[in-house]
Every structure is written in structure tokens, then in C-alpha cells.
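# Overview (structure and organization)
Here is how the chains run, residue by residue.
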Amino acid sequence: MDTTPAFVRSAPRFALPRFLTSEHPFPWLFPSTALLVIFGIYPLLYAIYLSLFRRHPATRTYIFDPAWNWTKVFADERVWGAIGHTFLYTIIALIIELVLGMLIALLLDSDRRGFGLMRALMTLPLVVPPAVTGMMFLLMLDGSFGVLSRGLYNAGLLSPQYPILATGSTALFGVLLADIWQWTPFMVLIMLAGMRALPREPFEAAAIDGASATQAFFKLTLPMMSKIIALAVLIRGVDLFRIYDYVKVMTDSGPGTATETLTAYSGTVYFKNADFPYASTIALLTLVLVLITSNVFIKIFRVRF
Amino acid sequence: MPASATQIVLRYIAAILVVAIFMFPIAWWGLTSIKPISAIFNKDTVVFFDFTPTLDNYRVTLLGKSRAELAIESGSTFGVGGASSYDSRQTILDSTIIAIGSTVLTVGIGLLAAYALSRLTFRGRQTYLAWVLSQRFMPPIAIIVPVVFMLHYVDLRDTHVGLIFVHALVNLPIAVLLMKSFFDDVPQEIDESALIDGATRFQTFRLVVLPMVRGGIASTAVLCFIFSWTEFLLSLFLTTSIRTLPVKITTFVTSTGSEWGFISALGTSAIVPSFIFILLVQKQLVRGLTLGSIKG
């Protein structure tokens, strides 16, 4: 019998300290830790440090004044407006995308011919660059020649005097349309994956007991998928909360500040006023709100990865 | 309960209708890119399909033809001006370099971390995982200002390398968690038998486990490429002369009007690689989008 080992370890000429050998996690984790610290943790700490300074508008110097930006941020009406828009946007998008995603998943969950192709097609919107999606909807919602605007005019849902993206009360919904188009497929995919992984027996038992399809959905499918739904909502919710691309491309926070979200306001302060400490402060406020909201959500729905 | 023929037909109709609605914007976008300008901006009727398709928009954005040349060719003087800024060849090159660079960096670094998190037992493993995950949830805007300062300080602002590192940071959590889930699919016993045979951890990783997760790594790489290719906010803040595709497209919207022909041509060119790649990784898409926690 051949007993030659598959690997022959040559005797080391000098012994490395144990934490440098591949038995120790250190060398494995070092590169990723370095990247996360240098480009993630350090900038975050720096942003906190920066938020403690006041920018002198005339001399463009920074003066140490820890309370300045943080009192300013809570007194700033645009910040409150942005918080409102961000939450409104996130909640509306989440509800519509979740419900629509669930319905479409139910519809496409079939092994018949052609459904596989349709499921594949549904993934396409996901990978369109969001800036391009924004452009697509900007074109289709154009007040004078946009195909969707004209459709809505003809259906009597909109009036040409109030183009959807140029009217304060409807602009946010115009932006939402792009988001819903792009991200409903995300929910569809996750719900489909969840449905396909469900065990068959409970459904067979329910059918024998005479349960209707609707009853089976509400009494079996939904409860069994609650974990997956919570996870999908969390991932999508966090992304929605930092919404920027569509707003920047489609309305640039306008008209006025009707569609200004937190990230967009921070961007405006950065680009237009060059007030870097205040831009950092608004960005940090966004981070704090994400942390609080997502942690409350995780606690309530016991989300686990 | 078996479905009746009418139910099946109705389901087909409903499904096709829904998919068609979701495909419409893409189709409209593609059609816009081959329409003559007069058809795009028609205020009187919606021109769904123009039977005089033109590739002029692509000739400007992809081949670097100036608009003046086009106008001379066609003998019309409609819309002459604004010449070179629509040429997007350099942009496509920049985007490709950044996407490939950050993908290689992310997968390379992430692979090591993913293996360790899947195989080695050490104190703080769960904490490390949670830390990596929390990075995914950090809004990029929170770090953007210091990152701009940092890159400026080391002369990497507005360079490919700078953006490659930042995109790698954004993609790393997804890559690590996703590849960890692929490593978890390989039974531990395989490692153990290699270790008993005298292989070091690294040999086990490189010669035994790595070949078994090749497919998973490829899917991770494709997803990283797509995320970097479509990323907008960081590219917008960190670059001025280098432009990635999504940022370049937004510069075609000017105060005097939007060049929809060129925008849709470049937009279509940006979408096509994404579509090809996503069809390659259909099976792993759900896993990628949920950071490895739902196996589709």
C-alpha cells in the first residue's frame, strides 16, 4: 500500500512566530482589516473630528467649536425637511416594492414553459446603473415629450400644466417610480427564492383539509417566510435610506427642496457651499439615524444573517 | 388542485404583461438611442418606432465623431456645436479599469478573509463577521469628505487607484460574506484530511478548497464588477477629470437642454455589459444580493 502523504512539509529553516503562520487568523484577516480600517474606520473618526470645527466663511479656516455644527444641524429646517423626505421615500418604496414583489413572485412561481425566461428577464432592471435608470425616467417623465407623462395626460391622471418632476407635490413620486422599477425585482427574486425553499408537506396537508389558496398564503406562506421578508426589508431599507442617485439625476433635490434627502443635502452643502465640516455633520446624522432605525428593526423582527 | 386551462392562460397573460411593463423602459431607452433627434423631441406625437434608424448617436459617443462632422454629412445644420465632450471612449476605458481593478482587489483580499472566517476557529470570529457586515450598512456619504481629503493628501484624488481602493472598500463586505457562504458549502472533512496528510493551512486553501469554490468566486467577481460599474455617488465626489460611465452620462444634461440621443446611446452601452454578466450569474444572484444568507 502506498503511504506517501499527499503533501510533504519541508522542515523550516527558521521558525516564524506563530501569528505569522497560516494556522493563525492574523495573516488571513490582515489585508481586509487594513482596507476596512484605512478607508472605513479612519475616515469615520475623521468625519467626527471634522464635525467639531466651524468653517470661517471669509478666511476659509477651521475654528475648533464642538457645539457649532451639532446645534446648527438640529435647528436647520432643511435638515428636518430632508429627514421627512428620506423617511417618507423609504417607507413608501419599501411597502410598494414588498407588496408588488410578493405578488409578482407568486405569479412567476411556476415550472411551466417560459416562466424561467420571464424570471431571468425580471432580474435585468437590477443591474442598470441607477444613474442611467434616473435618466430613463427623466426622459419618460419629461413634461412635453416624455412617453410616460403623455400616457398619464391621456389617462387624465396628470395635467400638462403640472409636469410630475417639476411640481413640488408630485416630484417625490416621480423619483419613486424609478426606484420601484429598479428594485421591485430585488424583492421578486428574494421572495421567489424563499417560496421555492418552502417544504411541500404543509401545503399538501392544507389542500386535503380544504384550505383555499388565499388561506394557504396567509396562514402558511407568509409566516414561514417571515424571516426572509424581514431580511429583505432590512437590506433594502438601509439602501433606501441613503438614496441619492435618482434624486441627484432626476430633480437635483428640486423643485426647491421638495425631493431633498439627507444624503442629497449633505452633497449640496459639500459641492455648493464647500462647508466640509457641516457636510460631514449631516452625513454623520444620516449614519446615526440608519444605525438606530436598523437596530430597532433587527430587535423587533429578530433578523439574523 | 390542478389548474384549469383558463387559469393557465390567464396566468400566462398576467405574467407576460408584468414582465413587459418592466422591460418597457429598457426597450424605450434602446429605441431612443437609434432614433433621429427629430423623433426624440417630437412634442406632437409619441414616436414609438422610427423607420429611419440611425447610429449617429453611437458614432458620436463611441467613435468620437464630432457633431459638426455629422451635420456636414447630412447637410443639415440642426444642432451643431458642443463637439468633443460627447466622445466617451476614454470614459469607457476608465470605467473598465476601475471596475476590473477593484474586482481583483476585492476578491483577492476577500478570499483570504472568507476562508479564515469559514474555517479557522478563533476568539472574536462572530464579532469580526458582525463588523464586516456593519460596514455594508454604512452610508458612503458618512466617509466621503475625509476620503476626499485623504486621497488628496497622498496624491490619489482623481486617479484610478484611488477610486479602485474606495470601490473595493464598498464591495469588500459583500465579497467576504458571499465567499464565506461558498466556503461553508464545502465540508470541513475535506480540509481535515488534507491537514492530516501534512498540508499547511495555506496549502489546503490553495490546492484543495480553492478549486472547489471556483464557481462561487467567479460569481462574486461578476457581482463586484457590476457594483463597481454602476456605482455613482463615490465616483461623482472623488473624480473630476476621470469619469466613470454613470457620472459621464449626467454631464450630458446641460442648462440649454439634454442631449437625449447621446445620453441614451451611452446609457445603452453602459447597460449591455451588465446584462451579459448578470445572465451568467443568475443562479447566485439571490445569494449575492442577500450577502450569502439566502441560497437561491
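These figures come from a predicted structure and were not determined experimentally.

What counts and what doesn't
- Residues numbered from 1 in each chain as written.
- Chains lettered and ligands numbered in written order.
- Predicted model: local features only at pLDDT ≥ 70, side-chain atom pairs only at ≥ 80, totals over all residues.
- Helix = DSSP H or I, 4+ residues; strand = E, 2+ residues; numbered from the N terminus.
- Buried ≥ 20, exposed ≤ 12 C-beta atoms within 10 Å, placed from the backbone.
- Contact = placed C-beta atoms within 7 Å.
- Rg over C-alpha atoms; globule rule 2.2 N^0.38 Å.
- pLDDT = per-residue confidence, 0-100.
- Expected span 1.5 Å × (residues − 1).
- Axes fitted to C-alpha atoms, helices over the stretch in contact; angles between N-to-C directions.
- Parallel < 35°, antiparallel > 145°, perpendicular 65-115°, else oblique.
- Left-handed = near helix turned anticlockwise from the far one by under 90°.
- Nonpolar A, V, L, I, M, F, W, Y, C, P; charged D, E, K, R; others polar.

## Quick look at the overall build of chain B
Within chain B, the regular secondary structure consists of 15 helices and 2 strands. Scored against the burial criterion, the 296 residues of chain B give a buried share of 47%. Look at the contacts in chain B between residues 6 or more apart in sequence, and 72% of them connect residues 24 or more apart.

## Thoughts on the overall build of chain A
Along the backbone of chain A there are 13 helices and 2 strands. Since a compact globule built from 305 residues should have a radius of gyration of about 19 Å, the 26 Å found for chain A marks it as more spread out than a globular shape. For chain A, the spread of C-alpha atoms along the principal axes amounts to about 90 × 70 × 35 Å. In chain A, of all internal contacts separated by at least 6 residues, the share reaching a separation of at least 24 is 66%.

## Comments concerning the confidence of the model for chain B
Caution applies to low-pLDDT regions: their predicted coordinates should not be interpreted in detail. All names here are of chain B. Across chain B, the average pLDDT comes to 86, with 90% of residues at or above 70. Overall, residues 79-84 carries pLDDT values under 50, and its contacts beyond four positions in sequence, including any with other chains, amount to 11 contacts. Both scores are available for the predicted complex, with the pTM at 0.90 and the ipTM at 0.89.

## Quick word on unusual backbone geometry
Residue and element names in this part refer to chain B. Positive phi values are uncommon outside glycine, yet Asp155 reaches one of about 60°. By the secondary structure assignment, Asp155 is in the loop between α7 (141-153) and α8 (160-185). A tally of 10 C-beta atoms within 10 Å means that Asp155 is categorised as exposed. With a phi close to 65°, Asp158 is a non-glycine residue in the positive phi region.

## Quick word on the environment of Val188 of chain A
Residue and element names in this part refer to chain A. Of note, Val188 is situated in helix α7 (residues 168-196). Counting along the chain gives 80 residues from Val188 to Leu108, while the straight-line C-alpha distance between them is 8.9 Å. Excluding its chain neighbours within four sequence positions, the residues that come into contact with Val188 are Gly101, Ile104, Ala105, Leu108 and Met122.

## Points about the environment of Phe241 of chain A
Residue and element names in this part refer to chain A. Among the structural elements, Phe241 can be located in helix α10 (residues 226-241). Distance in space between the C-alpha atoms of Phe241 and Phe218 is 29 Å, their sequence separation being 23 residues. Dropping the residues within four chain positions of it, Phe241 is found in contact with Thr86, Thr90 and Val290.

## Examining helix α13 (residues 276-301) of chain A
Under the 1.5 Å per step criterion, the end-to-end length of α13 of chain A is 37 Å for 26 residues, consistent within 8% with the ideal 38 Å. Just beyond α13 of chain A, the residue with positive phi is Arg302 of chain A, at close to 50°.

## Let's talk about the packing of helix α5 (residues 130-140) of chain A against α7 of chain A
Residues and elements named next belong to chain A. Following both chains from N to C, one finds α5 and α7 inclined at 125°, their axes separated by 9 Å at the closest point. Relative to α7, α5 is oriented oblique. Of the two elements, α5 crosses α7, and the hand of that crossing is right-handed. Facing α5, whose interface residues are Pro130, Thr133, Gly134 and Phe137, α7 presents Leu177, Ala178, Trp181 and Gln182.

## Overview of the packing of α13 of chain A against α7 of chain B
Axis separation between α13 of chain A and α7 of chain B bottoms out at 7 Å; the angle between their running directions is 150°. What the angle tells us is that α13 of chain A and α7 of chain B run roughly antiparallel. Here Phe276, Ala279, Ser280, Ala283, Leu284, Thr286 and Leu287 of chain A of α13 of chain A lie close against α7 of chain B, whose contacting residues are Ile141, Ala142, Ile144 and Val145 of chain B. For the contact of α13 of chain A with α7 of chain B, the class distribution of residues is 9 nonpolar, 2 polar and no charged.

## Brief notes about the interface of chain B and chain A
By a widespread convention, an interface's size corresponds to the accessible area lost as its parts come together. Opposite the 79 residues of chain B that make contact, chain A presents 76 residues. Considering every element that reaches the side of chain B that touches chain A, the biggest residue donor is helix α1 (residues 5-33) of chain B, with 12 residues. Looking at side-chain class alone, the side of chain B that touches chain A contains 60 nonpolar, 15 polar and 4 charged residues.

## Things to note about α5 of chain A
Burial analysis of α5 of chain A places 11 of its 11 residues in the buried class, the great majority of the element. Those residues of α5 of chain A that sit buried are Pro130, Ala131, Val132, Thr133, Gly134, Met135, Met136, Phe137, Leu138, Leu139 and Met140 of chain A.

## A few points about the environment of Ala47 of chain A
Structurally, the position occupied by Ala47 of chain A is in helix α1 (residues 25-50). For Ala47 of chain A, the residues in contact, after removing those within four places along its chain, are Ser280, Ala283 and Leu284 of chain A together with Ala142, Ile143, Val145 and Pro146 of chain B.

## A word on the confidence of the model for chain A
Mean pLDDT over chain A works out to 88, with 95% of the residues at or above the 70 mark. Mean pLDDT in chain A bottoms out at helix α6 (residues 147-154) of chain A, which sits at 84, and peaks at helix α3 (residues 77-108) of chain A, which reaches 95.

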